[in-house]
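Coordinates in review
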Amino acid sequence: LTVDAREALALAQVLGGGVDDWVPIIFPIRWLALVEIRVALAAFADPASTLLLHESQSFSQRSALRMGETYLVTLNLQALSGQPRRIEMIGAATSLAGIVKAELRATLRVLPRGMAA
Amino acid sequence: MTPPAPQTKLPIWTVGPIDAAWVRRYTEASGDDNPLHRDPETASAAGFSGIVVPGLLLLGLCEPAIRAWQPAARVNRLVGRFLQPLAAPVQVSVTGRIVLVTSGTQEVVVRLFVGTPEQPMACIAEASLSWPEA
């Protein structure tokens, strides 16, 4: 996947960080909107009957992601035991040279639709 | 550059009010189509008084707050827990202080809080910063 400059700038602007060439550290969330990842998530929590609420999120990077650069992105999902239902997501963006550049980890709570959080 | 000393506080970074239009710009920029952040009826049915401000938007505000305070610093790690969902519209503040300075590496850890006077810990975050070698 590539860090699209327009997408990075749009995210930077809405966060209020000014208009320059920085890629927000939270940029990898943009990749979570991909159809492939939505389909994978839907296997854990049916979007017709559930909602997902972020409980925690971490991002780390060895060096800032660069606009226009391409990364191999991997994502692992697993259901956590216990109640309420939770999904853990662990991902990494690796350069084409095989160096891990950024990692993310998230815990999502699964809410039944229409039920108070 | 010498990192700031432990316990140094960030200047308070106030943002907002974050309203439905702002949340929509964020959800479009991030690709987040969660109806809790877009549809008042869905949010209401889930027990919220309005659309829910995305926790990742709150967490993401920490980076520009840090950049405004320490323009030369690089954020290497940003971790957040979302404790109190906020409903839009809402004005939030980012506050924080340095909790750890690692000697030798010029790396510091900053504890951050994003919230309102009524819900000051909507998001508790921690950021690791470093400064490029001169």
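Residues numbered from 1 in each chain as written. Chains lettered and ligands numbered in written order. Predicted model: local features only at pLDDT ≥ 70, side-chain atom pairs only at ≥ 80, totals over all residues. Heavy atoms only, no water.

**Points about the overall build of chain B**
A count of helical and extended segments in chain B gives 4 helices and 5 strands. Walking chain B from its N terminus toward its C terminus, one meets helices and strands in the order β-α-α-α-α-β-β-β-β. Principal axes of the C-alpha set define a box for chain B whose edges measure 55 × 30 × 20 Å. For chain B, long-range pairs separated by at least 24 residues make up 64% of all intrachain contacts whose partners lie at least 6 apart in sequence. About 6000 Å² of surface is accessible on chain B, with carbon and sulfur atoms providing 54% of the total. The average position of the 10 basic charges and that of the 11 acidic charges among the side chains of chain B differ by 8 Å. (Helix = DSSP H or I, 4+ residues; strand = E, 2+ residues; numbered from the N terminus. Contact = heavy atoms within 4.5 Å. Areas by Shrake-Rupley, 256 points an atom, 1.4 Å probe, with all protein chains shown as cover. Lys, Arg positive; Asp, Glu negative; His and termini not counted. Charge placed at Lys NZ, Arg CZ, Asp CG, Glu CD.)

**A closer look at helix H4 (residues 62-69) of chain B**
Residue pairs three or four apart in sequence face the same way in an α-helix, which turns once every 3.6 residues. Taking burial as the measure, the 8 residues of H4 of chain B include 6 buried ones, the bulk of the element. Within the span of H4 of chain B, buried status applies to Cys62, Glu63, Pro64, Ala65, Ile66 and Trp69 of chain B. (Buried < 20%, exposed > 50% of the residue type's maximum accessible area, 1.4 Å probe, protein only.)

**Focus: the environment of Val90 of chain B**
Residue and element names in this part refer to chain B. Along the chain, the position of Val90 falls in strand E3 (residues 90-102). In this structure Val90 comes out as buried when scored by relative accessible area, which is 12%. When the C-alpha atoms of Val90 and Ala20 are compared, they prove to be 9.7 Å apart, with 70 residues separating the residues in sequence. Ignoring anything within four residues of it in the chain, the contact list for Val90 reads Val15, Gly16, Pro17, Ile18, Val53 and Thr116.

**Focus on the interface of chain B and chain A**
Of the residues lining the interface, 34 residues belong to chain B; the matching set on chain A comes to 36 residues. Across the chain B/chain A interface, buried area totals approximately 2800 Å², and carbon plus sulfur atoms make up 59% of it. The three residues of chain B that bury the most area against chain A are Ala29, Leu56 and Arg67 of chain B, which together make up 18% of that side's buried surface. A salt bridge links Asp33 of chain B to Arg38 of chain A; its shortest N-O distance comes to 2.7 Å. Applying the counting rule to chain B against chain A returns 13 residue pairs in polar contact (both at pLDDT 80 or more). Of all the secondary structure elements, the ones that give two or more residues to the side of chain B that touches chain A are helix H1 (20-30), helix H2 (40-45), helix H3 (55-60), H4 and strand E2 (74-82) of chain B. (Buried area = accessible area lost by both parts, 1.4 Å probe. Salt bridge = Lys/Arg side-chain N within 4 Å of Asp/Glu carboxyl O. Polar contact = N/O pair within 3.5 Å; in protein donor to acceptor, adjacent residues only side chain to side chain.)

**Examining the environment of His37 of chain B**
With respect to the secondary-structure elements, His37 of chain B resides in the loop between H1 and H2. For His37 of chain B, a relative accessible area of 7% gives the class buried.

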